[in-house]
Amino acid sequence: WGGGEHPEPVLFLKPTTAYAFPGQPLVLRDPARRPRRRCGTDFGVHHELELAVVIGRRCRHLPTDAAAAAAVAGYALALDITDRDEQTEAKRAGMPWSVAKGHDSYCPLSTPFLLPEGGSWRELRMWLDVNGTRRQECSCAEMIHGVEELVRFCSSVMTLELGDVLLTG
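Residues numbered from 1 in each chain as written. Predicted model: local features only at pLDDT ≥ 70, side-chain atom pairs only at ≥ 80, totals over all residues. Heavy atoms only, no water.

Our focus in this paragraph is the pairing of strand E3 (residues 72–83). Counting buried positions along E3 gives 10 out of 12 residues, so the element sits mostly inside the fold. In this structure, strand E2 (residues 45–55) lies alongside E3, joined through 11 bridges in antiparallel fashion. Across the sheet, histidine 46 pairs through a bridge with threonine 82, a residue of E3. (Buried < 20%, exposed > 50% of the residue type's maximum accessible area, 1.4 Å probe, protein only. Helix = DSSP H or I, 4+ residues; strand = E, 2+ residues; numbered from the N terminus. Pairing = 2+ DSSP bridges.)

Here threonine 168 shows up in the segment after strand E7 (165–167). At 2.9 Å, the side chain of threonine 168 forms a polar contact with the backbone oxygen of leucine 51. (Polar contact = N/O pair within 3.5 Å; in protein donor to acceptor, adjacent residues only side chain to side chain.)

Attention now goes to the sheet that holds E3. Strand order in this open sheet of 3 strands is E3-E2-E7, and the pairing throughout is antiparallel. Since the sheet does not close on itself, it has two edges, and those belong to E3 and E7, each with one partner. On average, adjacent strands in this sheet sit at an angle of 30° to one another, irrespective of strand direction. Across 3 bridges, E2 lies against E7 in antiparallel orientation. Its bridge partner being in E7, valine 53 is matched across the sheet by leucine 166. Sitting on the sheet, helix H2 (residues 84–92) is in contact with E2 and E3, with an inclination near 85° to E3. (Axes fitted to C-alpha atoms, helices over the stretch in contact; angles between N-to-C directions. Contact = heavy atoms within 4.5 Å.)

Treat this as a map of the structure, not an account of what it does.
See the structure below:
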């Protein structure tokens, strides 16, 4: 989000067991039960509000933004939850971040929604309040990579299936 230009999106996978839907509990790992960190830090658990894109059909190698837009079934709000200590350790070891982001319930999702007729994801504003304090506020128009670009890029790397969820980061 406005953090400079990145030629390609950074991809990581969250398993479907990381999804937590409205009414389901968010279960954070007990710090006392986490393995001792080799990285010597204690950053704890971090969360970021993100726009989630729900894929509406099987697709691969989408050639245009219009084709990518047609593959989108809807949107949701998501929290990308990360165990920062595990992520730091994984980065230092050159390992994927999935170990830090894929724990059960580490991807709470709202009820999916559709945009109004003629509406654009660029018009969406999102905010996150925690215990009455505003933690995050943003406009989707400020995203580094747009929805169509992300869907096209992901479809160039892997087949997207009906119901797949892409977090926009």
